[in-house]
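Breakdown of the fold
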Amino acid sequence: MKYSIAIDGPAGAGKSTIAKELAKKLGYIYVDTGAMYRAMALYFLRLGLCADQHAAIAESCKNVRVAIEYLEGVQQIILNGENVTAFLREEEVGRMASATSIYPEVRMKLVELQRELAAEEDVIMDGRDIGTYVLPNANVKIYLTASVETRANRRYLELKEKGIESNYEEIKKDIEERDYRDKNREFAPLLQAEDAVLLDTSDMTVEEVINSILTIKEKAK
Ligand code: DC
């Protein structure tokens, strides 16, 4: 049996930072499911589709192939044979991912791949519905969150570090809208699984979060 750690939570809670570190420490594979939804979003954008064109999006899902590979331990997303990893962090792609991940056709395309990965490898998988829907039997489930202000501030500083000037209030509004959509969609919404441990990282350092999860994992054995 492979070991799986599911980390769910809203945008900007620090899931990917924590999951990457933990994967390195434990020698597991890190699976960033948000990147998969972003790859689908990029595909729709390139087709010139708008987020509200459900029928056309569902139809286009029949012809898309998303795969993942690892390059020096870093997840790469392959969209129809092309490595699109470098394009996925754009704000436009993130917004489209949030708006199109509400469709069951989009989700089903990716859930299958996510379950296959967890069956083959020890994984730390982060997303919105990992503990509730993708891997309901995950060995450890964490629900990672932080206040909207903390999350907006983290994103603002992250962009600033990359030399990108942004507006804090706009980022905060965008996060609030994304939270609302992720939590209120009909199919596999963002929700804390009953057996998930809640970690509010607003006042925690990365190291403290990692150590908490390692302690939770020890107890779960
Ligand atoms: O974590 P992220 O910002 O890269 O995710 C982008 C969008 O993808 C997010 O707004 C919601 C969606 N998503 C999802 O619906 N289910 C997942 N397991 C992961 C992401």
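Report on the accompanying structure. (Residues numbered from 1 in each chain as written. Predicted model: local features only at pLDDT ≥ 70, side-chain atom pairs only at ≥ 80, totals over all residues. Heavy atoms only, no water.)

1. Structural notes on the sheet that holds strand 8 (residues 197–200)
To keep it simple, the criterion reads: Only strands that DSSP links by at least two bridges are regarded as paired with each other. We count a stretch as a helix when DSSP gives it H or I for four or more residues in a row; a strand needs E for two or more, and each element gets its number in order from the N terminus. Only the stretch in contact is used when a helix axis is fitted, and all axes are lines through C-alpha atoms; the angle between N-to-C directions ranges over 0 to 180 degrees. Contacts are residue-level and defined by heavy atoms, with any inter-residue pair within 4.5 Å sufficient.
The sheet built from five strands is open, its strands ordered 2-6-1-7-8 with parallel pairing. Two strands in the sheet have a free side with no partner beyond their single neighbour: strand 2 (29–32) and strand 8. The sheet shows a mean angle of 20° between the axes of neighbouring strands, taken without regard to direction. Looking at chain direction, strand 7 (residues 140–145) and strand 8 are connected through four bridges and run parallel. Paired with isoleucine 142 across the strands is valine 197, a residue of strand 8. Docked against the sheet, helix 2 (residues 33–46) engages strand 2 and strand 6 (123–127), running at close to 40° with respect to strand 2.

2. Things to note about the sheet that holds strand 5 (residues 82–83)
The strand order across the open sheet built from three strands is 3-4-5, with neighbouring strands paired in antiparallel fashion. Looking along the sheet, the strands with just one partner apiece sit at the ends: strand 3 (66–71) and strand 5. As paired elements, strand 3 and strand 4 (residues 74–79) share six bridges and run antiparallel to each other. In the strand pairing of strand 4, leucine 71 is matched with valine 74.

3. Things to note about the nonpolar core
In plain terms, the rule: Residues belong to a common nonpolar core when they are buried Ala, Val, Leu, Ile, Met, Phe, Trp, Tyr or Cys residues joined through side-chain atoms within 4.5 Å. Under the scheme applied here, a residue whose accessible area is under 20% of the maximum for its type counts as buried, over 50% as exposed, and between as partly exposed, the area being computed with a 1.4 Å probe on protein chains only.
Ranked by size, the top nonpolar core spans 37 residues in total, and within it Phe44 and Ile77 carry the most contacts. Among the elements of the structure, helix 2, strand 3, strand 4, helix 4 (91–100), helix 5 (104–120), strand 6 and helix 6 (130–134) are those that each provide at least two residues to this core. Broken down by element, this core gets its largest block of residues, nine residues, from helix 2. In contact with phenylalanine 44, not counting residues within four places along its chain, are Leu49, Ile57, Ser60, Cys61, Met96, Thr100 and Val106.

4. With respect to the packing of aromatic side chains
Our working rule: Aromatic rings from Phe, Tyr and Trp, taking only the six-membered ring of Trp, are treated as a pair when their centres fall within 6.5 Å; an angle between ring planes under 30 degrees marks them as stacked, one over 60 as edge-to-face, and anything in between as tilted.
By the definition in use, this model includes three aromatic pairs. The interplanar angle of 50° and the centroid separation of 5.9 Å between the aromatic rings of tyrosine 3 and tyrosine 28 together place this pair among those described as tilted. Placement of the pair is tyrosine 3 in the segment before strand 1 (4–8) and tyrosine 28 in the loop between helix 1 (15–26) and strand 2, with a sequence separation of 25 residues. Judged by relative accessible area, tyrosine 28 falls into the buried class, the value being 15%.

5. Things to note about empty space enclosed by the protein
The condition is simple: In this analysis, the protein atoms alone were mapped onto a 1 Å grid. Cavities are point sets where a 1.4 Å probe fits without being able to get out; pockets are open sets with protein on both sides within 12 Å along at least five of seven lines; lining residues have an atom within 4 Å of a point. Grid points are joined across faces, edges and corners, and a volume is the space filled by probe spheres set on the points. Residue polarity is assigned by list, with Asp, Glu, Lys and Arg as charged and Ala, Val, Leu, Ile, Met, Phe, Trp, Tyr, Cys and Pro as nonpolar; anything else, Gly included, falls into the polar class.
Applying the stated rule across the entire model yields one cavity of 30 Å³ or more. Looking at the largest cavity, its volume works out to about 30 Å³. Looking at which element gives the most residues to the lining of the largest cavity, the answer is strand 7, with three residues. Split by residue class, the lining of the largest cavity holds five nonpolar, two polar and two charged.

6. Re a positive patch on the surface
Which entries qualify depends on this criterion: Patches draw on residues past 30% relative accessible area with no salt bridge. Two like charges within 9 Å are joined, as are two nonpolar side chains (Val, Leu, Ile, Met, Phe, Trp, Tyr) within 5 Å. Methods summary: accessible areas were calculated by the Shrake-Rupley approach with a probe of 1.4 Å, and residue burial reflects only the protein chains presented. Any carboxyl oxygen of Asp or Glu within 4 Å of a side-chain nitrogen of Lys or Arg constitutes a salt bridge here. Within this scheme the basic residues Lys and Arg register as positive and the acidic residues Asp and Glu register as negative, but His and the chain ends are omitted. To locate a charge, the coordinates of NZ of Lys, CZ of Arg, CG of Asp or CD of Glu are taken.
On the surface, a cluster of positive charge is contributed by Lys20, Lys24, Arg89 and Lys162. Its location among the elements puts arginine 89 in the loop between strand 5 and helix 4.

7. Details of the pattern of salt bridges
Considering all chains together, one arrives at eleven salt bridges under this definition. Ionic pairing is found between glutamate 82 and arginine 46, a salt bridge with its closest N-O pair at 2.9 Å. Of this pair, glutamate 82 sits in strand 5 while arginine 46 sits in helix 2, placing them 36 residues apart in sequence. By relative accessible area, glutamate 82 is classed as partly exposed at 33%. Of the charged contacts, one joins glutamate 59 and lysine 62 as a salt bridge, the two residues approaching to 2.9 Å between their closest N and O atoms. By relative accessible area, glutamate 59 is classed as partly exposed at 44%. Assessed through its relative accessible area of 61%, lysine 62 is described here as exposed. Through salt bridges with shared partners, one network takes in Arg95, Asp174 and Arg178.

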